[in-house]
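# Topology and contacts: notes
Spelled out, the chains give:
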Amino acid sequence: MTTAADFTTETFLANADHTLLAPGTTPAELEQFLLDARRLGVGRVCISPTLVEDAAAPLRSSAVQIVTVVGFPSGVHTAEVKAAEAAQAVADGAAEIDMVMNRGLARAGDWGGVQAEIQAVRDAVPGVVLKVILETAALSDAQIVAACRAAEAARADFVKTSTGFDPAGGASVHAVQIMAETVGGRLGVKASGGIRTAAAVRELAAAGATRFGVSGTAAILESWGHQSSSAAGSAGVSVATGAIQLPGAGGAY
Ligand SMILES: O=C[C@H](O)COP(=O)(O)O
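The rules behind each value
- Residues numbered from 1 in each chain as written.
- Predicted model: local features only at pLDDT ≥ 70, side-chain atom pairs only at ≥ 80, totals over all residues.
- Axes fitted to C-alpha atoms, helices over the stretch in contact; angles between N-to-C directions.
- Helix = DSSP H or I, 4+ residues; strand = E, 2+ residues; numbered from the N terminus.
- Parallel < 35°, antiparallel > 145°, perpendicular 65-115°, else oblique.
- Left-handed = near helix turned anticlockwise from the far one by under 90°.
- Contact = placed C-beta atoms within 7 Å.
- Nonpolar A, V, L, I, M, F, W, Y, C, P; charged D, E, K, R; others polar.
- Buried ≥ 20, exposed ≤ 12 C-beta atoms within 10 Å, placed from the backbone.
- Core = buried A, V, L, I, M, F, W, Y, C linked by C-beta atoms within 7 Å.
- Pairing = 2+ DSSP bridges.
- Right-handed = clockwise from strand over helix to strand, strands pointing away.
- pLDDT = per-residue confidence, 0-100.
- UniProt positions renumbered as here; feature names shortened; annotations may be inferred.

Where helix α4 (residues 79-92) contacts helix α6 (residues 111-124), the two axes come as close as 8 Å, and the packing angle between them is 25°. By the angle between their directions, the pair α4 and α6 is classed as roughly parallel. Here α4 and α6 pass one another in a crossing that is right-handed. For the pair formed by α4 and α6, the contact residues are Ala79, Glu80, Lys82, Ala83, Ala86 and Ala87 on the first element and Ala116, Glu117, Ala120, Val121 and Ala124 on the second. Looking at the contact of α4 with α6 residue by residue, the classes come out as eight nonpolar, no polar and three charged.

Take a look at the structure:
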């Protein structure tokens, strides 16, 4: 079990998906983002599918891998579209796929349907790391548990809390605990959306997160030496309640 105290910057960087998913990104902004990723020493970048091909060439000489998103951010795309999007992204150079689950199916209790759409993406990109974005802030605890089970049954590799773009909110300690209790040790748990400080990263790691989707990587590293609680920080993370506000990328949709 990871404790907040022994979670180092090295552990964080090795398990960080440095993220750029804002719509309207220009080639110059992508270039700067990739330079930052290498300077920071992150293991992966998480970028929009339209950016994958352009990012693949400059990253080829580095150890940085490309993660992209499918059915993003709403998840309302058909399973066939998500599967095709995933296959195209891998052909373009993506090493990992973060797909957004169809939340309507989940809220209706159609867990067979949820499993089937995850399975469709799984089958389209065999051998590729597949994460399922649940948008946990918009689900009940029981729905989070069932969604985790559907992801595991469909042979996903990770469950992921949030897109970072939903008004319901981002990652929370509470959701991560539920996910870790349900599939932890067999599937990874990616916390993402609204994570702004080192304190928040440590709390989420202690709750069971094994991967972190963060657009504010540099600011998180800058805050690493500070002991101020994420709950009280300007990041808007409330560890007590687990609610995370999304002052950054979230709300763009
Ligand atoms: O998937 C990752 C999230 O979009 C990152 O959210 P963030 O911009 O709030 O760090």
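Now that the structure is up, let's keep going.
This part is about unusual backbone geometry. Between phenylalanine 72 and the following residue, proline 73, the backbone shows a cis peptide bond with an omega angle of 0°. Of note, the phi angle at arginine 155 is positive, near 65°, even though the residue is not glycine. Here arginine 155 lies in the loop between α7 (141-153) and β6 (158-160). A tally of 14 C-beta atoms within 10 Å means that arginine 155 is categorised as partly exposed.

A general tendency of soluble globular proteins is for nonpolar side chains to be buried together. Among the nonpolar cores identified, the biggest contains 72 residues, and Val45, Val159, Val176 and Leu204 are the most heavily contacted of them. If we skip the residues at most four places from it in the chain, valine 176 touches Thr161, Ala171, Val189, Ala191, Leu204, Ala207, Gly208 and Ala209.

Moving on: the environment of aspartate 166. By secondary structure assignment, the location of aspartate 166 is in the loop between β6 and α8 (173-183). The exposure class of aspartate 166 is buried, given the 23 C-beta atoms found within 10 Å. Between the C-alpha atom of aspartate 166 and that of serine 74, which follows or precedes it by 92 residues, the distance is 8.1 Å.

Attention shifts here to the pairing of strand β5 (residues 129-133). For β5, the buried fraction is high: four of the five residues fall into the buried class. As paired elements, strand β4 (residues 96-100) and β5 share five bridges and run parallel to each other. Within β5, the position partnered with valine 100 by the bridge is isoleucine 133. Relative to β6, β5 runs parallel, the two being bridged by three bridges. Across the sheet, the residue bridging to lysine 131 is phenylalanine 158, located in β6. This β-α-β element, β5 to α7 to β6, shows right-handed connectivity.

The pairing of strands in a sheet comes from backbone hydrogen bonds and takes either a parallel or an antiparallel form. Ordered in space as β1-β2-β3-β4-β5-β6-β7-β8, the eight strands form a closed barrel in which the pairing is parallel. On average, each strand axis in the sheet is inclined to that of its neighbour by 25°, with strand direction left out of account. Sitting on the sheet, α8 touches β6 and β7 (188-192), and the angle it makes with β7 is about 170°.

With that out of the way, let us pick up the confidence of the model for the protein chain. Here the protein chain shows a mean pLDDT of 89. Residues at 70 or above account for 87%. Under a pLDDT of 50 for its full length, residues 228-253 has, in the predicted model, 72 contacts with residues more than four places off or in other chains. For this predicted complex, the interface score ipTM comes out at 0.97, alongside a pTM of 0.90.

Right, let's get into the UniProt feature "active site" (unreviewed entry) in the protein chain. Those residues carrying the UniProt feature "active site" (unreviewed entry) are Asp98, Lys160 and Lys190 in this numbering. On the basis of their most widely separated C-alpha atoms, the annotated residues across 93 residues gather in one place, lying no more than 10.0 Å apart. The topology assignment puts aspartate 98 in strand β4. The contacts of aspartate 98, once residues within four sequence positions are left out, are Cys46, Val67, Val69, Val70, Lys131, Ile133 and Lys160. Given 30 C-beta atoms within 10 Å, lysine 160 falls into the buried group. Filtering out sequence-adjacent residues up to four positions away, lysine 160 remains in contact with Asp98, Lys131, Val132, Ile133, Leu134, Lys190, Ser192 and Gly213.

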